[in-house]
Amino acid sequence: MDDEIQLISDGDGLAVIGDPMAIDRFLVSQGLQAKDLGMQRLSPALGTAAGMAQVGSEIAANSGRWMKLTEESARVAKLLPKVQNSASGNVHATLRSQNGQFAKNLQFVKGHSSLLTNPALLAGAAGLMAQIAMQQAMEEITEYLAIIDEKVDDVLRAQKDAVLADMIGVHLVIEESMTIREHTGRVSDVTWSKVQATPATIARTQAYALRQLDALAEKLESKSQVGDLAKAAKDAEVKTQEWLAVLARCFQLQDAIAVLELDRLLDASPDELHRHRIALRAARKNRLDLISRSTVGLVSRMHAAAGTANTKVLLHPTASRAVVHSSNHVSTVIVDFHGRLGIDRGLESLEAKRWVDAATEVKDKVLVTGAGGVDVARRVGNGTLERAKSASGKLSSGLADRALRLRGGRDEPKDEV
C-alpha cells in the first residue's frame, strides 16, 4: 500500500506526521534531518477529553518529526501546495509515496486524512511545533552565551544591581521547572506555581538592559568633539556586549516560560491551546521589535559618530581611528546578536568606512579644494598646502604616526573644524 504522510509548516518549522517508516523514507528522499515532535505527549490531554476518544488511537498510529526552516527544509516547504488552514494559519499538505518511495517532486493528494480534519489534533501538533521551535532558539542562545561566557559572568554575577540579581534567581527557578517537565512530561499545578510570577521580573530586567543601550546611544549623540566621541564610543564598545548578553538571557527565559505555558494549557485547557499559541507568537514578535529598535538605534548612533570622525581624520587621526574601530566592533556584535535571535534588519548594510579609506577620501578633498584646502593643510601640518600634500600623499595605516610627527609630537588639537 502507498504510504501517506502529513506536512505542516508554520513559517518557523516543518513537521512531518505519519507512519515512522514512511517519515524516515521521506526525510531520506529529501536529504533532511529532523527531531522527534513528541506526538505521544498529546495523548493524555486530548485522549481523555469529551468526544475525543478516537484521538488516542490516531496519535498512537502516527509519529512526528520536526525541523527548523533552514535553506534545505525551506526548499521542500516551497514545493508544498499552498493549502492554508483558516483556523491555524499554517500550511498543510498530504503526501503519498509511489511504490514505497517519495519522489523528489512532491505530489499533493487531496484526501480526508483524520489528522487534517481533526481541529484538536491539529492545534496540539501546532503547539508542539511552537515549543520545539522555541527550544531550538533557546539552545542557540545557550551557544551564543557560551561563546561570551566570561562577559556574561562579569555582568550577571559581578553586578550589584538588584534587578540583575533577581533575574539570576528567576533563571534558577525556570531551569528547575524545565528539568521537572523533562522528567515528568507535563507541567503540574505545583510546577506552574513556581514560575507563574517570573515574567514580570524578566520583563523588568529586559527593560533595564534596553535602557542601558539607549543611554549609550544618547551619550554618543551628545558629543561633538572627536576626543569625547572616542571616549563615548569606547565605552559603548566595552558595555554593548554585556547588555546584549543580558537581553539574550531574558529572551531565552521568556521562551522557556512560553514552552511551560503551552504545556500547562495542553494539560488544563486544551481548547485554548491554539489561541494562546497565536498570542505567544505575536508577543514574541513584539519583543523582537522592541530589542531591534534599541540595538539598531545604537548602531545608527555609532555610525554617525564614525561619520563625524571620518571628516576629522587629518586633524585627529588617532581618535578618529578609535571611533571607527569601536563602531565596527559594536556593529559586528549586534549583527551576531540579531542572527542568534532571528532578527533581520540588514545591519550589514550600515558598515562604517574603514579608517584608511576615510583618510584617503579627505586627502583627495584637501588636494582639490584650493583655498579651503590651504586652510585645512595649515591646521594639519602648520605649513603650506605643498607641505600638506607631502604629508598626505602616502596616506596608509601609518597616517596617524606621520600626522603626529608633522605636529612635532604635540597632542592633537582640541578645537573642531
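Residues numbered from 1 in each chain as written. Predicted model: local features only at pLDDT ≥ 70, side-chain atom pairs only at ≥ 80, totals over all residues. Heavy atoms only, no water.

1. A closer look at the packing of helix H5 (residues 119–147) against helix H12 (residues 317–341)
Relative to each other, H5 and H12 sit at 155°, their axes nearing to 9 Å. With respect to H12, the element H5 is oriented roughly antiparallel. Relative to H12, H5 is oriented so that their crossing is right-handed. On H12, the residues touching Glu-140, Ile-141, Glu-143, Tyr-144 and Ile-147 of H5 are Asp-336, Phe-337, Arg-340 and Leu-341. By residue class, the composition of the contact of H5 with H12 is five nonpolar, no polar and four charged. (Axes fitted to C-alpha atoms, helices over the stretch in contact; angles between N-to-C directions. Helix = DSSP H or I, 4+ residues; strand = E, 2+ residues; numbered from the N terminus. Parallel < 35°, antiparallel > 145°, perpendicular 65-115°, else oblique. Left-handed = near helix turned anticlockwise from the far one by under 90°. Contact = heavy atoms within 4.5 Å. Nonpolar A, V, L, I, M, F, W, Y, C, P; charged D, E, K, R; others polar.)

2. Overview of the packing of helix H9 (residues 198–221) against helix H10 (residues 226–268)
Where H9 contacts H10, the axes come no closer than 9 Å and their chain directions differ by 160°. Classified by the angle between their axes, H9 and H10 sit roughly antiparallel to one another. In terms of crossing hand, the pair formed by H9 and H10 is left-handed. Across the contact of H9 with H10, the residue classes tally to 19 nonpolar, six polar and three charged.

3. Quick look at the packing of aromatic side chains
Given two aromatic rings, their pairing is described by the distance between the two centres and the angle made by the two planes. For the coordinates displayed, the defined rule picks out two aromatic pairs. Their ring planes at 55° and their centres at 6.1 Å tell us that Tyr-144 and Phe-337 sit as a pair that is tilted. Of the two residues, Tyr-144 sits in helix H5 while Phe-337 sits in helix H12, which places them 193 residues apart along the sequence. Classification of Tyr-144 by relative accessible area gives buried; the value is 1%. Geometry around Phe-251 places Arg-287 over its ring, the cationic atom sitting 5.1 Å from the centre. (Phe/Tyr/Trp six-rings, centres within 6.5 Å; stacked < 30°, edge-to-face > 60°. Buried < 20%, exposed > 50% of the residue type's maximum accessible area, 1.4 Å probe, protein only. Lys NZ or Arg CZ within 6 Å of the ring centre and 35° of its normal.)

4. So, the environment of Leu-298
In this fold, Leu-298 is placed in helix H11 (residues 273–311). As a C-alpha pair, Leu-298 and Ala-217 span 81 residues in sequence and 5.0 Å in three-dimensional space. Here Leu-298 is in contact with Leu-213, Leu-216, Ala-217, Leu-220, Thr-240, Val-330 and Ile-334, once residues within four sequence places are set aside.

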